Amino acid sequence: MSVTVVVGGFFGDEGKGKIVSHLVNDESYNYKIVARGGVGPNAGHTVVIKDMIYKLRMVPSGFAGKNIEKLLIGPGVLVDPQVLLNEIQITKTMGKIFCDYQCGIINKKHIEKDQTNSHLKDQVGTSGSGTGPANEDRVRRILPLARDVPELRGILTDVPLELHKALIEKKSILIEGTQATHLSLWHGTYPHVTSKDVTASAICSDVGIGPTSVTDVVLVFKTFVTRVGSIRAEKMENQLTEDETIKRGWIEYGTVTGRLRRAAPFNIPLAKRSIFLNGATKLALTKLDVVFPQDSGKKVFEDLSSLAKDWIIEKERHLGMQFSWIGTGPADSEIITRK
Ligand code: GTP
Ligand code: IMP
Ligand code: MG
């Protein structure tokens, strides 16, 4: 039985959605429950299953796991009811998905403030999804909770209690984080950060599971670093020009906002700091195929080009840990597993 927390190691968009959607179908873990922590619908996870592409902001990325019995959204996560109900339809997860009575609720006023307030819009460069203003209201203890919303009545539960029961029944649990370590309100590049902590400890608290129950913390990195928003933020170390980003084929656009993501090469000091901030026990790497196109779709480490292998081994030497999963394409099956 395992309790695994999956979190991001850089500035978000590392491909946590893909790693989670792969893990939930790994028979050796046999996960039965997926619980979503993190801030709220500011996240944009992309899940590619066969020829279907799902862009999810609220439904957990592990929704398509064959043996998954329940998908839970913890009380620390902000819910936008419209976004959630719409995604439940798209993913056909009604009956399986539940959110906690105490999830905070985002309304139009929060979204409007997030999109018009010049500090949030221009200085921080937020996703505009209303999460920061909603968390402000939560801190002031005036935010409505899911238990106050009639449309959500059929999908409410006590998430910490559900997880507690699952632990007693020895069911494996996967806990999904969103955003990433260097966007944390405590540990990130303040003020260009999100509205709460998003490291592994915070994600556990979001869903109501104690740290002693966790068996693994999987930290997800990408072969290069990207950052969306905060155009006035300090440049990332070794940030590439837009032309150079395009030339290298590292160009990406935000899942939620459609904004161009700024890019830089893999950053070892940032990665090392993420490892200790999260207490990582395992690492995952995504988008190897973007930096090494000749290795696209490969599933066996030994089959990789020597260039890619050398790149990986050099990073592992610096980090003192091995990448247990290496993504070689967007689909959940395009992955190398080294346990
Ligand atoms: P946040 O919660 O918003 O931080 O998102 P995320 O970490 O789930 O990542 P997101 O889905 O926003 O961005 C990752 C993108 O990379 C998606 O388009 C994925 O389909 C894609 N992707 C993930 N892994 C790989 C990979 O190994 N190779 C390639 N080519 N694409 C990948
Ligand atoms: P907010 O979380 O919408 O308040 O945005 C604060 C900062 O975090 C901005 O720079 C956003 O672009 C960034 N951010 C928030 N969520 C994500 C995400 O899921 N991926 C990447 N960046 C994000
Ligand atoms: Mg994203």
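Scroll up to find the structure this text is about.
So, a few notes on the structure that sits alongside this text. (Residues numbered from 1 in each chain as written. Chains lettered and ligands numbered in written order. Predicted model: local features only at pLDDT ≥ 70, side-chain atom pairs only at ≥ 80, totals over all residues. Heavy atoms only, no water.)

Side note on the coordination of the magnesium ion (ligand 3)
- Coordination sphere of the magnesium ion (ligand 3), protein contribution only: Asp 13 (OD) and Gly 44 (O), at 2.0 to 2.3 Å. Linking Asp 13 in the loop between strand 1 (3–8) and helix 1 (16–23) with Gly 44 in the loop between strand 2 (31–36) and strand 3 (45–49), this pair joins segments that are 31 residues apart in sequence. (Donors = N, O, S within 2.8 Å, 3.2 Å for Na, K, Ca; no water. Helix = DSSP H or I, 4+ residues; strand = E, 2+ residues; numbered from the N terminus.)

Here's the deal with the nonpolar core
- Formed by 46 residues in total, the largest nonpolar core has its most connected members in Phe 221 and Phe 266.
- Residues contacting Phe 221, with those up to four places away along its chain left out, are Gly 9, Phe 10, Glu 14, Phe 266, Ala 271, Ser 274, Ile 275, Leu 283, Ala 284, Leu 285, Thr 286 and Phe 323. (Core = buried A, V, L, I, M, F, W, Y, C linked by side-chain atoms within 4.5 Å. Buried < 20%, exposed > 50% of the residue type's maximum accessible area, 1.4 Å probe, protein only. Contact = heavy atoms within 4.5 Å.)

Observations regarding the environment of Val 39
- With respect to the secondary-structure elements, Val 39 resides in the loop between strand 2 and strand 3.
- With 140 residues separating them in the primary sequence, Val 39 and Gln 179 have C-alpha atoms 7.7 Å apart.
- In this structure, Val 39 is in contact with Gly 76, Val 77, Leu 78, Thr 131, Asn 135, Thr 178, Gln 179, Thr 194, Ser 195, Lys 196 and Val 198, ignoring residues within four places of it in sequence.

What about the pairing of strand 8 (residues 172–176)?
- Most of strand 8 sits inside the fold, with five of its five residues counted as buried.
- Side chains Ser 172, Leu 174 and Glu 176 of strand 8 all project onto a buried face; the interleaved residues Ile 173 and Ile 175 project onto the opposite face, where all are buried too.
- Here strand 1 pairs with strand 8 via four bridges, running parallel. Along strand 8, the bridge assignment pairs Val 5 with Ile 175.
- When strand 2 meets strand 8, the two strands line up parallel, connected through five bridges. Residue pairing for strand 8: Tyr 31 is matched across the bridge by Ser 172. (Pairing = 2+ DSSP bridges.)

A few points about the site of ligand 1
- Near ligand 1 lie 23 residues; those nearest to it are Asp 13, Gly 44, His 45, Thr 46 and Asp 289.
- Between ligand 1 and Glu 14 there is a distance of 3.2 Å, counted from an oxygen atom to a backbone nitrogen or oxygen.
- In the environment of ligand 1, an oxygen atom lies 2.6 Å from a nitrogen or oxygen atom belonging to the side chain of His 45.
- Computed on the free molecule, ligand 1 has an accessible area of 670 Å², of which 91% lies beneath the protein chains in the complex.
- Elements that contribute at least two residues to the shell around ligand 1 include exactly helix 1, strand 3 and helix 10 (288–291).
- Residue composition of the shell around ligand 1, by class: four nonpolar, twelve polar and seven charged. (Near = heavy atom within 4 Å. Polar contact = N/O pair within 3.5 Å; in protein donor to acceptor, adjacent residues only side chain to side chain. Areas by Shrake-Rupley, 256 points an atom, 1.4 Å probe, with all protein chains shown as cover. Nonpolar A, V, L, I, M, F, W, Y, C, P; charged D, E, K, R; others polar.)

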